[in-house]
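# Remarks on the overall topology
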Amino acid sequence: MNTTNFALRHIGPREEDQNLMLKAIGVDSLNQLIFETLPDGIKLKKALELSEPMSEQEYLTHIHELSKLNKTYKTYIGLGYHPTILPPVIQRNILENPGWYTAYTPYQAEIAQGRLEALLNFQTMVTDLTGMELANASLLDESTAAAEAMSLLFAVRERDQKKANVTKFFVSENILPQTISLLETRAKPIGIELVVGNEDTFDFSTEYFGAILQYPGKNGQVTDIKSFIEKANKAQIKVAVAADILSLVMLEAPGKFGADVVVGTTQRFGVPMGYGGPHAAYFATKEAYKRDIPGRIIGVTKDVNGNRALRMALQTREQHIKRDRATSNICTAQVLLAVMAGMYAVYHGPKGLQFIANKVHNTASTISNSIEKLGFTQTNTSYFDTLSIQAEASKIKTIAEKHHVNFYYPEKNTVTISINETTNLKDANEIIAIFAEAVGKETIEITALQESNLISANLQRTSDFLSLDIFNSHHSETELMRYIKKLERKDLSLNHSMISLGSCTMKLNAAAEMLPLSSPNWGSVHPFVPVEQAQGYQTILKELEDQLTEITGFAATSLQPNSGAQGEFAGLMVIKAYHESRGDHHRNICLIPSSAHGTNPASAVMAGMKVVVTKSTEKGNIDVEDLREKAELHKDNLSCIMVTYPSTHGVYESAIMEITQIIHDNGGQVYMDGANMNAQVGLTNPGNIGADVCHLNLHKTFAIPHGGGGPGVGPICVAKQLVPFLPGNPIIKTGGDQAITAISAAPYGSSLVCLISYAYIKMLGAEGLTQSTKIAILNANYIKHRLQGQFDTLYSGECGRAAHEMIVDCRPFKANGIEVTDIAKRLMDYGFHAPTVSFPVAGTLMIEPTESESKAEMDRFCDAMISIKKEIDMASKDDDNNVLKNAPHTLEMLTSSEWLMPYSRETAAFPLEYVKENKFWPSVRRVDDAYGDRNLICTCAPIEEYMEA
């Protein structure tokens with residue numbers, strides 16, 4: 001065995017296992033299986049043109065050398081991004097721990113209680129600091145959160161405002177520039193008119209439904225949001241506030257002033273800048289708007305024993321339920337980063353955060369005093385951490401960069417300096433010395449920080465925060481380490497067993513891909529540094545764009561979208577811009593197959609399009625004749641089709657090229673959802689099948705970990721005619737020469753985790769990528785074969801083969817009183833996370849093993865499914881006191897002195913022999929979702945409440 005070959009480490013089945021699997025499914029070779037699976041017309045005629053694969057050691061040397069090209073200057077740029085101190089206990093036990101970064105979105109709450117508790121801590125931290133009633137489990141970045149706030153306020157307008165078609169939204173000129181760009185992107189398609197202006201001269205006209213303020217402003221001034229909100233409330237204008245979360249330790253919570261929504265980023269709470277992301281944004285609002293809040297919300301409920309349990313609340317408002325009527329297309333969170341930020345608050349507690357905030361503020365005021373003594377004017381009268389200094393920007397910039405220091409230069413006579421928690425006395429003296437050199441004076445050396453509070457008295461914080469026990473108990477490393485481990489033990493992740501979620505591609509996240517994320521040379525780079533200081537990033541991002549462009553068969557790529565849903569929206573906005581450039585402003589019809597993911601119609605509506613649903617055939621394919629009829633009916637207004645390939649039903653549709661031709665013949669563009677790209681790489685591609693744009697889920701096909709529900713990256717790849725419209729950024733030049741406005745806050749989205757996909761492609765190479773796709777198809781067909789006769793597969797290709805995933809039908813078991821949910825919960829007792837439940841067909845399981853799972857692990861999973869089928873056969877509709885209906889079984893239940901079940905404890909806990917070797921115990925029994933929605937609690941409660949319960 002070639003021990004330097006990364007593909008052998010990434011791909012699960014050994015060669016001898018592959019031969020056994022091929023024999024079992026009845027083919028002579030892997031190539032024969034691929035021939036029988038893929039329609040001949042879509043296959044690539046030549047291999048991918050990528051560099052030769054590297055070994056893990058070669059790659060780690062390569063990435064280390066590239067990291068040296070990043071100049072890690074002392075950075076005081078601010079604008080929503082700050083150097084931080086990541087406590088090592090959090091770095092080692094969460095960021096670098098596969099128990100945390102390989103978990104999936106907590107749809108199966110009983111085996112995700114640890115992550116859910118960590119997210120509840122995050123939500124509590126946010127509500128405490130913002131003074132709001134309800135927070136979600138995080139969003140993608142501050143600018144996206146601000147755009148979601150605008151959309152929410154538009155949706156909840158007063159009845160008379162809707163009747164009068166009030167569409168104006170006021171944006172303070174003090175808002176971050178990247179946020180204004182994103183607000184522009186989101187506003188126009190849904191009919192919102194943005195008005196950017198001075199909040200001090202705003203007239204509170206009845207023409208406005210909402211407003212957004214920055215707190216503190218982009219240049220550091222803390223404006224009087226209290227009086228603004230009071231006036232707005234009287235005028236029926238709802239207000240969103242974008243607030244720096246660390247400043248809220250010293251600034252009064254916007255919720256105390258009557259704000260309707262408070263948004264921001266939690267990057268300052270120990271998360272590396274990473275050239276722009278990933279970071280967990282926060283979104284907090286009033287409980288009155290709970291049905292309109294975007295993203296995930298973690299809520300408290302109870303299990304069947306009445307014990308406290310956590311789960312995702314109010315899912316009926318989300319895309320997979322509401323589809324084109326959803327208020328947002330956001331279907332995920334930045335869970336891993338939210339967990340880190342929440343743990344930062346747990347570790348430091350309120351007193352620790354006060355110490356950090358006071359140190360930052362005192363450092364800023366001490367520097368301000370010294371710089372003013374040198375003859376400069378510092379214009380901010382009320383500030384937290386950012387100074388605005390009148391000075392010749394070009395002169396200061398030259399001297400600062402000579403000293404390896406970055407300030408921000410918004411105007412030719414203005415320099416802003418944002419102080420952060422890493423800034424020490426030496427750094428402060430260096431900053432003062434730069435200004436002294438600029439005026440040819442001797443510097444003023446400081447030896448201690450001056451105690452001060454330069455925040456206006458009426459805006460200083462008086463309200464309590466983080467008073468609960470959880471934020472006041474784990475301040476030693478030992479205590480936090482044990483708390484993190486306690487939560488980790490409640491979660492089933494890839495380090496325990498296979499997670500065979502269809503459409504979600506839970507493949508190996510190799511350690512060699514992950515290691516560079518901990519390097520300061522990658523983590524400490526601000527997204528708005530001059531590009532010549534980020535040549536390591538620039539090299540990697542450009543090569544990753546080229547790699548993805550080659551893999552997809554397109555002309556160019558944008559890495560900016562920082563989730564799959566944002567990739568969908570970006571792709572549609574690029575198509576929209578293309579049509580408008582040709583004068584086709586009227587093209588607004590988006591065809592979407594009935595089997596599509598719920599984010600597809602939600603994204604289309606966000607892009608200002610009208611959704612027309614097309615039918616599927618009984619075999620799960622797109623009904624070509626229905627599609628043709630609707631395309632021709634709407635040909636004058638057809639914008640695009642959104643199609644997933646292979647289909648969401650796990651089938652390579654042979655008519656795909658006919659489908660793309662129909663759309664083109666009727667003036668539309670073809671958007672391909674990249675959810676199932678793991679079945680295409682190296683065998684076919686979107687360009688080859690006639691698509692014009694696709695988004696890719698780098699957190700699926702290209703090995704970025706799911707992180708318990710985020711981070712994700714959703715870049716778009718486009719055909720030649722769409723290249724000019726790729727998204728831009730107001731500070732760093734990106735995108736095409738007719739670029740649409742920003743899709744995410746940072747110019748390259750979540751750059752730090754793009755290192756992972758770069759590594760994945762670099763180490764696999766063309767042959768390894770193609771082999772991975774083939775083995776993913778082999779693994780799916782092997783499971784299909786093993787389950788044959790026990791579970792019916794709903795859809796197959798023309799030769800009876802599955803793609804990389806398949807759907808098994810659980811609806812017949814209703815005759816035995818068993819629902820698909822019962823099977824999902826029983827799988828927990830066997831040590832497995834359920835496959836995707838009831839998507840895209842209700843009452844089914846969609847299974848995707850990925851290429852990374854070994855034959856032994858797949859056999860264990862199949863043994864579990866077959867054993868469960870025997871249990872189903874023994875169940876009856878008249879008796880629901882059975883092992884499936886009572887699943888999952890907890891350790892508390894199994895060790896109770898009383899056992900009244902009609903089956904043995906061994907049957908409940910150890911149904912197969914392998915379970916005894918590696919038992920995973922669900923920490924709660926089946927949760928009651930309905931109770932949790934009726935009694936919505938989305939923050940931690942004092943311990944006394946649990947004692948009373």
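Everything here concerns the structure above.
A quick note: this is a predicted structure, and the numbers were derived from the prediction, not measured.

This part takes up the overall build of the chain. Check the secondary structure of the chain and you find 31 helices and 26 strands. What you see for the chain is a C-alpha radius of gyration of 28 Å, in line with the 30 Å of a compact globule of 949 residues. Overall size of the chain, expressed as C-alpha extent along the three principal axes, is 85 × 70 × 65 Å. In the chain, which comprises 949 residues, the proportion classed as buried is 65%. Taking the intrachain contacts of the chain between residues at least 6 apart in sequence as the baseline, contacts between residues at least 24 apart amount to 77%. Accessible surface, the chain: about 33000 Å² in total, of which carbon and sulfur atoms supply 48%. Separation of charge centres in the chain, based on 86 positive and 108 negative side chains, amounts to 2 Å.

Here we take up the sheet that holds strand β7 (residues 261–265). Reading across the sheet, the 7 strands line up as β2-β8-β7-β6-β5-β3-β4 and stay open at both edges, with mixed pairing between neighbours. Both outer strands of the open sheet, β2 (134–135) and β4 (193–197), are each paired with one neighbouring strand and no more. Two strands pair when backbone bridges link them, and strand β5 (residues 208–215) and strand β6 (residues 238–243) are joined in this way by 6 bridges, in the parallel orientation. Paired with Q214 across the bridge in β6 is A242. Sitting on the sheet, helix α10 (residues 177–187) touches β3 (168–172), β4 and β5, and the angle it makes with β4 is about 160°.

A few words now on the nonpolar core. With 251 residues, the main nonpolar core has M125, Y215, M343, F407, I417 and F435 as its most contacted residues. Leaving out residues up to four positions away in the same chain, I417 has contacts with Y76, I371, D385, T386, L387, I389, F407, I431 and F435.

Spatial strand order, β11-β12-β15-β14: 4 strands in an open sheet with antiparallel pairing. If you trace the sheet from one side to the other, it starts and ends with β11 (377–378) and β14 (408–411), each paired once. Pairing of β11 with strand β12 (residues 386–390), which is carried by 2 bridges, proceeds in the antiparallel orientation. Paired with Q378 across the two strands is I389, which belongs to β12. On top of the sheet, helix α13 (residues 335–373) reaches β11, β12 and β15 (414–418); it is set at about 15° to β12, its chief contact.

In this structure, β3 lies alongside β4, joined through 5 bridges in parallel fashion. Residue pairing in the sheet places F169 in a bridge with L194 of β4. Crossover β3 to β4 through α10 is right-handed.

The next subject is a negative patch on the surface. A contiguous patch of negative charge, built from E173, D200, D224 and E230, is present on the exposed surface. With respect to the secondary-structure elements, E173 resides in the loop between β3 and α10.

Moving on: the side chain of R296. If you trace the backbone, R296 turns up in the loop between β8 (281–285) and β9 (298–302). Here the side chain of R296 touches Y107 through a polar contact of 2.5 Å, side chain to side chain.

Rules behind the numbers
- Residues numbered from 1 in each chain as written.
- Predicted model: local features only at pLDDT ≥ 70, side-chain atom pairs only at ≥ 80, totals over all residues.
- Heavy atoms only, no water.
- Helix = DSSP H or I, 4+ residues; strand = E, 2+ residues; numbered from the N terminus.
- Rg over C-alpha atoms; globule rule 2.2 N^0.38 Å.
- Buried < 20%, exposed > 50% of the residue type's maximum accessible area, 1.4 Å probe, protein only.
- Contact = heavy atoms within 4.5 Å.
- Areas by Shrake-Rupley, 256 points an atom, 1.4 Å probe, with all protein chains shown as cover.
- Lys, Arg positive; Asp, Glu negative; His and termini not counted.
- Charge placed at Lys NZ, Arg CZ, Asp CG, Glu CD.
- Pairing = 2+ DSSP bridges.
- Axes fitted to C-alpha atoms, helices over the stretch in contact; angles between N-to-C directions.
- Core = buried A, V, L, I, M, F, W, Y, C linked by side-chain atoms within 4.5 Å.
- Right-handed = clockwise from strand over helix to strand, strands pointing away.
- Patch = residues over 30% accessible without salt bridge, like charges linked within 9 Å, V, L, I, M, F, W, Y side chains within 5 Å.
- Salt bridge = Lys/Arg side-chain N within 4 Å of Asp/Glu carboxyl O.
- Polar contact = N/O pair within 3.5 Å; in protein donor to acceptor, adjacent residues only side chain to side chain.

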